[in-house]
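Report on the structure
Residues per chain, in single letters:
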Amino acid sequence: MSKHLNLWQKLNQRQQATLTAIYHADQSAEAAQKEAWLLGSPRESAAVWRNLQYYFEPTSHETLLHRLLRKANVVDQGLGSTLRVLEGHKLIQCNYYQNELISIKLTTTGRAVTRAGNGESAPKKPPKGQLKPRQWAALVTAYLSGENGIDSGASLGDYAGFSWRWTWLRLVDYYGTDNGLVKEIGYWNKNGQHSTKLVVTQAGMEFYRQQWEHYHALYPDVNAPIPE
C-alpha cells in the first residue's frame, strides 16, 4: 500500500469528503487556468490561483469551493475541526482573516492523497521537447510568415499576440538545435527606425514539416496547414 493511500485511509468519511471537495475545486481552477492560457491570457502564478476562495458576502455569488463543500454536506459547525485535521496532516493550508475562513490551498501531498483514495492517477508529463498548444500555434504562425517574419510592432516582444516569455523563448532556445526553431533579428524599417522581428529558422521549417502530422493529431484545434 502506498503512503498516500495509507494516509487517506486514516481519514474518516467526513474528512475524506471534505478533502475530495477541495480537490475538485483545485482541479477546476487548474483547468480554467489552462484554458485561459490557451486563449492567450498571461500565465498567473500557481501560488495565486491554487489559493481557492472560500468566503463570500451573503449578497454575492457563491464561490465554487463553498458550493462543493456544501454539496458534500460538510459546511456546518464541525467544518473548522475537520479542516484542522487536514491541515495537521499537511494536506491543505487555510487562510483566515479575523477568524473568518477566507481561502484554502490544497498541498501537493493533499492532491496525491486524494488521487490515491479515489483511484486516480496523476497526469502523465508530456515527452521531453513536446511543444504545448500555444507554442505549436506560434510556430505555425512563424512558419506561415516565411522570410518576411513577424514584426514586433508595438507589442514589446509578444509577437503576433504570443507571449515572449512563455512561448517564443521556448522556440528560440529549443533544445537539440543550434539556432532554435525561430530567431529574433534586428533591421531598419522604411522610416529609418530600428526594429525587430521573428523569423522561422531552417530547423524550424524542418521541424514543422517533420512533426506536422504528430502535432496536427495532438492539437487539431490549431489551424496548421499541411506543409509543402
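Shown above is the structure to which this text applies.
If you're wondering where the values come from, they're calculated on a predicted model, not measured in any experiment. Starting afresh in each chain, residues are numbered from 1 along the sequence in its written order. This being a predicted model, a pLDDT of at least 70 is required before a residue's local features are given, and a value of 80 or more before pairs of side-chain atoms are given or counted; all residues contribute to the totals for chains, interfaces and linings. Each side-chain value is worked out from all heavy atoms of the structure, with water and hydrogens disregarded.

**Considering the layout of surface pockets**
Cavity and pocket criteria rest on a 1 Å grid covering protein atoms alone: a 1.4 Å probe that fits but cannot get out defines a cavity, protein on both sides within 12 Å along at least 5 of 7 lines defines an open pocket, and an atom within 4 Å of a point defines a lining residue. Grid points are joined across faces, edges and corners, and a volume is the space filled by probe spheres set on the points. Taken as a whole, the second largest pocket encloses approximately 230 Å³ of empty space. What lines the second largest pocket is Ala25, Ser28, Ala29, Gln33, Val48, Trp49, Asn51, Leu52, Gln53, Thr63, Leu64 and Leu65. Strands here are runs of E lasting at least two residues and helices are runs of H or I lasting at least four, both read from the DSSP assignment and numbered beginning at the N terminus. For the lining of the second largest pocket, the secondary-structure elements that each account for two or more residues are α2 (13-38), α3 (46-49), β1 (51-53) and α4 (64-71). For the lining of the second largest pocket, the element with the highest residue contribution is α2, accounting for 4 residues.

**Points about the sheet that holds strand β5 (residues 182-188)**
One key point about sheets: their strands pair by backbone hydrogen bonds, in either a parallel or an antiparallel sense. Spatially, 3 strands are ordered β4-β6-β5 in an open sheet, and the strand pairing comes out antiparallel. Edge positions in the sheet fall to β4 (150-151) and β5, since each of these pairs with one other strand and no more. Paired strands, as defined in this entry, are two strands with at least two bridges between them according to DSSP. In this structure, β4 lies alongside strand β6 (residues 194-200), joined through 2 bridges in antiparallel fashion. Residue pairing in the sheet places Ile150 in a bridge with Leu198 of β6. For this analysis, residues touch if any pair of their heavy atoms sits within 4.5 Å. Fitting a line to C-alpha atoms yields each axis, with helices limited to the stretch in contact; the angle taken between N-to-C directions then spans 0 to 180 degrees. Taken strand by strand, helix α8 (residues 164-172) contacts β4, β5 and β6, and its axis lies near 100° from that of β5.

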